[in-house]
Amino acid sequence: MTESSRSPVVLWLSSRYENIELAMAALEEVSRNSGIENDMEHWIGMALREAVANAIKHGNRQDPEKRVMVSFDVKGDDITIRVGDEGPGFDSGSVADPLAPENQLRPSGRGIFYMKTFMDLVTFQNGDGGGGTIVTMTKNFKNKKP
Amino acid sequence: MNKNVTVRDAGDVKVLDLKGKITIGAGDLHMREAIHQTLAGGAKKILINMKEVTTIDSTGVGELVGCYTTATNKGAKLRLANLPEKINDVLTVTQLITVFDVYTSEAEALEGF
Ligand SMILES: Nc1ncnc2c1ncn2[C@@H]1O[C@H](COP(=O)(O)OP(=O)(O)OP(=O)(O)O)[C@@H](O)[C@H]1O
Ligand SMILES: [Mg+2]
């Protein structure tokens, strides 16, 4: 395989939930080209779904004119996925813990927890000038799942 | 009825067979509608058969939690059966597996319901 086939893949998606499947299709392709096995792809895909869903829902508020950027970058045995939106940004440090007893029966608030559970490292950055959120998630795909 | 939820009777138990993806913008609302219809019809025992579910996300998990709360508030009992391993893992890491009444098979779930 040539180096260029492993260079970053970048998608720009209109903010519709059905486009989550396009991001998943890209992950499938990247996984096949990079030797990421099926089970591992499933867990990375779960984190990807959550990140893109949040970008569409909380970031771009389902405005189809606003775009979600998704990029995949494989280096060695690490895959790095970035998901960016054009929303207001948020403070990831003040998100409630879904495992706290008082939150256990809440109907929402588990997405970021799933991202952190299924990836090795998840960081959030607010875009320049206060606009947008970029989520960066990395996983060593040769390690066993947590 | 919706494409990824079908409802059938097993004695006095309403069985909901879920199929495919229970994810945001896809199967998430179908499950809620089906549960609400079933409860509105007076059902007191609901079994959700997860055997054919391939993927669930946080929205789908939230829907399950919401259905559980709604059923409980209406005096109905809700059980889950046939969780595929990955779906089981998703409920386990958020410690919901202990909240739900989970059975390995439909027969087991129906017994003594
Ligand atoms: N891209 C984003 N832009 C703005 N706010 C965000 C973004 N991602 C997450 N948030 C904020 O963080 C909160 C927690 O996100 P998380 O995915 O954990 O839960 P949720 O989306 O509210 O519910 P769930 O994912 O369980 O359906 C959100 O409610 C939202 O306030
Ligand atoms: Mg979310």
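Residues numbered from 1 in each chain as written. Chains lettered and ligands numbered in written order. Predicted model: local features only at pLDDT ≥ 70, side-chain atom pairs only at ≥ 80, totals over all residues. Heavy atoms only, no water.

Some details on the pairing of strand β3 (residues 78-84) of chain A
All names here are of chain A.
Link 1 in the chain: In terms of burial, β3 is largely enclosed, as 5 of its 7 residues are buried.
Link 2 in the chain: Note that strand β2 (residues 67-75) and β3 share 7 bridges and pair antiparallel. Looking at β3, one finds that Val74 is bridged to Ile79.
Link 3 in the chain: Here β2 folds back onto β3 in antiparallel fashion, the turn holding 2 residues, of which Gly76 has a positive phi close to 60°. (Buried < 20%, exposed > 50% of the residue type's maximum accessible area, 1.4 Å probe, protein only. Helix = DSSP H or I, 4+ residues; strand = E, 2+ residues; numbered from the N terminus. Pairing = 2+ DSSP bridges.)

Quick word on helix α3 (residues 85-93) of chain B
Link 1 in the chain: All of the buried residues along α3 of chain B are Ile87, Asp89, Val90 and Leu91 of chain B.
Link 2 in the chain: Here the buried face of α3 of chain B lies against α2 (38-59) and α3 (111-118) of chain A together with β3 (45-56), α2 (58-73) and β4 (77-81) of chain B.
Link 3 in the chain: Note on α3 of chain B: the residue one or two positions beyond its end, Gln95 of chain B, has a positive phi of about 60°. (Contact = heavy atoms within 4.5 Å.)

Overview of the environment of Thr70 of chain B
Residues and elements named next belong to chain B.
Link 1 in the chain: Residue placement: Thr70 occurs in helix α2.
Link 2 in the chain: The spacing of Thr70 and Ala109 is 39 residues in sequence and 20 Å in space, taken between C-alpha atoms.
Link 3 in the chain: Setting aside anything within four residues of it in sequence, one finds Thr70 in contact with His36 and Leu39.

Thoughts on unusual backbone geometry
Link 1 in the chain: For Arg61 of chain A, which is not a glycine, the phi torsion comes out positive at approximately 50°.
Link 2 in the chain: By the secondary structure assignment, Arg61 of chain A is in the loop between α2 and β2.
Link 3 in the chain: Overall, the relative accessible area of 60% leaves Arg61 of chain A in the exposed class.
Link 4 in the chain: The backbone phi angle of Asn82 of chain B is positive, close to 60°, even though this residue is not glycine.
Link 5 in the chain: Inspection of the secondary structure assignment puts Asn82 of chain B in the loop between β4 and α3.

Here's the deal with the confidence of the model for chain A
Link 1 in the chain: For chain A, per-residue confidence averages 93 on the pLDDT scale, and residues scoring 70 or more make up 92% of the total.
Link 2 in the chain: In this model residues 1-5 of chain A is a low-confidence stretch, pLDDT under 50, and it forms 2 contacts with partners more than four residues away in sequence or in other chains. (pLDDT = per-residue confidence, 0-100.)

A closer look at the sheet that holds β3 of chain A
All names here are of chain A.
Link 1 in the chain: One open sheet accounts for 5 strands, arranged β1-β2-β3-β5-β4; its pairing is antiparallel. Each end of this open sheet is capped by a strand with a single partner; those strands are β1 (9-14) and β4 (121-126). When the angles between neighbouring strand axes are averaged without regard to direction, this sheet yields 15°.
Link 2 in the chain: By the bridge criterion, 6 bridges tie β4 to strand β5 (residues 133-140) in an arrangement that is antiparallel. Residue pairing across strands places Asn126 opposite Thr133, the latter belonging to β5.
Link 3 in the chain: Running at roughly 10° to β2, helix α1 (residues 20-34) makes contact with β1, β2 and β3 of the sheet.
Link 4 in the chain: Lying on the sheet, α3 is in contact with β4 and β5; it crosses β4 at an angle near 135°. (Axes fitted to C-alpha atoms, helices over the stretch in contact; angles between N-to-C directions.)

Remarks on the site of ligand 1
Link 1 in the chain: Neighbouring ligand 1 are 16 residues, the closest being Asn54, His58, Asp85 and Arg110 of chain A together with Ser58 of chain B.
Link 2 in the chain: Residue neighbours of ligand 1 fall on chains A and B, so the site bridges chains.
Link 3 in the chain: With respect to ligand 1, the side chain of His58 of chain A contributes an N or O atom lying 2.6 Å from an oxygen atom.
Link 4 in the chain: Backbone polar atom of Arg110 of chain A to an oxygen atom of ligand 1: 2.8 Å apart, as the coordinates give it.
Link 5 in the chain: In the complex, 84% of the free accessible area of ligand 1, which totals 600 Å², lies under the protein chains.
Link 6 in the chain: Those elements that provide at least two residues to the shell around ligand 1 are α2 and α3 of chain A together with α2 of chain B.
Link 7 in the chain: In terms of residue class, the shell around ligand 1 is built from 4 nonpolar, 9 polar and 3 charged. (Near = heavy atom within 4 Å. Polar contact = N/O pair within 3.5 Å; in protein donor to acceptor, adjacent residues only side chain to side chain. Areas by Shrake-Rupley, 256 points an atom, 1.4 Å probe, with all protein chains shown as cover. Nonpolar A, V, L, I, M, F, W, Y, C, P; charged D, E, K, R; others polar.)

Let's talk about the packing of helix α1 (residues 28-40) of chain B against α2 of chain B
Residues and elements named next belong to chain B.
Link 1 in the chain: At a minimum axis distance of 9 Å, the contact between α1 and α2 shows a crossing angle of 10°. The pairing of α1 with α2 is recorded here as roughly parallel in orientation. Seen from α1, the contacting residues are Asp28, Leu29, Met31, Arg32, Ile35, His36 and Leu39; seen from α2, they are Thr59, Gly60, Glu63, Leu64, Cys67, Thr70 and Ala71.
Link 2 in the chain: Of the residues contributing to the contact of α1 with α2, the split by class is 7 nonpolar, 4 polar and 3 charged. (Parallel < 35°, antiparallel > 145°, perpendicular 65-115°, else oblique.)

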